[in-house]
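# Structure at a glance
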Amino acid sequence: MSEMVKPVADILKAPAPHMVGDAFRVHNFFPGGYKIKMSPFFLLDYNAKINFSARNEPRGVGVHPHRGFETVTIVYKGALAHHDSAGNSGKIYPGDVQWMTAASGILHKEYHEQEFSNTGGDFQIVQLWVNLPAKYKMIKPKYQGLQHSAIPTLTLADGASNVEVIAGEFQGVKGAASTFSPMEVYNLKLKAGASLQLNLPANYNTGLLVVEGNIKINQSSDAQQDQFVHFKNEGTEITVEAIQDSVILLLSGEPIQEPIASYGPFLMNRPEEIQQALADYNEGKFGYLEE
Ligand code: MN
């Protein structure tokens, strides 16, 4: 193995799922399922593909707060609707990404989109919680609703495979989302037989979620659909080869070297800041959103 290769640390199976509200059946890869270093990514909830039956009343998660981080929702199948107390709302369809910076505090609700709910069907999404550096935790909330057509895409040499650059930069193509610390977030959509080399800093925490298909990494490790490939913090080069047509989410970022205090929907640095978040929430300082 070349000294430049970023070696695989582990190939992780999806932990047992749990429901979030009645809308999301998620496998929590971290921090619950596996204690792996993935900062600035604090949480990865993966709703593996399931079929929801038709229902006129959309399934969802009602009004709840967040403070101190960003929620990033990536839809692969199905559709979501969202409203928040800062006045933002949107529908998120396959290929779209919602990047919501909760920062100083927001209330939001997340539901299956009405028409999707009416017909039912396959549903597959990722929700990431991306930590914010301390100096940005109490800034004004921000909302980036990134439609698929607005996500810069690089087509690979085979003319059919591509890389969607959600954040960061890949081969000169800058990502759609602005971020508060350095990170790379891409969807790799590779046709069977396609192979791709990624170059990422040795110190970045890095993983690949196999959303569809199966892949070979660094010519040696196999990963199947719904598995997460975690890399060591050494070396810079990763080779991904698609065995079948595959969709892979790449997460790689510079670790935020700050203390963490987390409690439910709040992610701060110190326990006093969690107490403050609870007090502010109870006093209605996160704004108002109708159920
Ligand atoms: Mn939420």
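Below: a short report on this structure. Model, not experiment: these values are computed from the prediction. (Residues numbered from 1 in each chain as written. Predicted model: local features only at pLDDT ≥ 70, side-chain atom pairs only at ≥ 80, totals over all residues. Heavy atoms only, no water.)

Listed as protein donors to the manganese ion are His64 (NE2), His66 (NE2), His108 (NE2) and Glu110 (OE); their distances from the metal cover 2.1 to 2.5 Å. Linear spacing of the donor residues for the manganese ion on their chain is H-x1-H-x41-H-x1-E. Both residues of the pair, His108 and Glu110, count as buried. (Donors = N, O, S within 2.8 Å, 3.2 Å for Na, K, Ca; no water. Buried < 20%, exposed > 50% of the residue type's maximum accessible area, 1.4 Å probe, protein only.)

Right, let's get into the packing of aromatic side chains. Here the structure, examined in full by the defined rule, presents twelve aromatic pairs. With a centroid separation of 6.4 Å and an interplanar angle of 20 degrees, the aromatic rings of Phe29 and Tyr34 are classed as stacked. Ring pairing ties together the aromatic residues Phe29, Phe30, Tyr34, Tyr46 and Phe228, which thus form one cluster. (Phe/Tyr/Trp six-rings, centres within 6.5 Å; stacked < 30°, edge-to-face > 60°.)

Next up on the list: the pattern of salt bridges. Inspection of the entire model under this criterion finds eleven salt bridges. Here Asp280 makes a salt bridge to Lys285, at a shortest N to O gap of 3.9 Å. When salt bridges that share partners are traced, they join Arg67, Asp280, Glu283 and Lys285 into one network. (Salt bridge = Lys/Arg side-chain N within 4 Å of Asp/Glu carboxyl O.)

Counting residues in hydrophobic clusters, the biggest one holds 29 residues, and the most contacted among them are Phe41, Trp99, Val126, Val185, Phe228 and Leu249. Sorting elements by how many residues they give to this core places strand β4 (residues 41-52) first, with four residues. Membership of the second largest hydrophobic core comes to 26 residues, among which are Val8, Val173, Phe231 and Ala242. (Core = buried A, V, L, I, M, F, W, Y, C linked by side-chain atoms within 4.5 Å. Helix = DSSP H or I, 4+ residues; strand = E, 2+ residues; numbered from the N terminus.)

Backbone-to-backbone hydrogen bonds join strands into a sheet, with any given pair of strands oriented parallel or antiparallel. Strands sit in the order β18-β23-β20-β21 across an open sheet of four strands; the sheet is antiparallel. Strands with a single pairing partner mark the edges of an open sheet, and in this sheet they are β18 (195-199) and β21 (221-224). Taking each pair of neighbouring strands and ignoring which way they run, the sheet shows an average axis angle of 25 degrees. The pairing of strand β20 (residues 214-217) with β21 spans four bridges and is antiparallel. (Pairing = 2+ DSSP bridges. Axes fitted to C-alpha atoms, helices over the stretch in contact; angles between N-to-C directions.)

Further remarks concern helix α2 (residues 271-282). With twelve residues, α2 should cover 16 Å at 1.5 Å per step; its first-to-last C-alpha distance of 17 Å lies within 8% of that length. Buried within α2 are the following residues: Glu273, Ile274, Ala277 and Asp280. Down the axis, α2 shows its buried residues gathered within 125 degrees of arc, on one side only. Away from its buried face, by an angle of more than 90 degrees, α2 presents the exposed residues Pro271, Gln275 and Asn282. Where α2 is buried, its residues contact β25 (261-263) and β26 (266-268). Looking one or two residues beyond α2, the residue adopting positive phi is Gly284, at roughly 80 degrees. (Expected span 1.5 Å × (residues − 1). Arc of directions from axis to C-beta. Contact = heavy atoms within 4.5 Å.)

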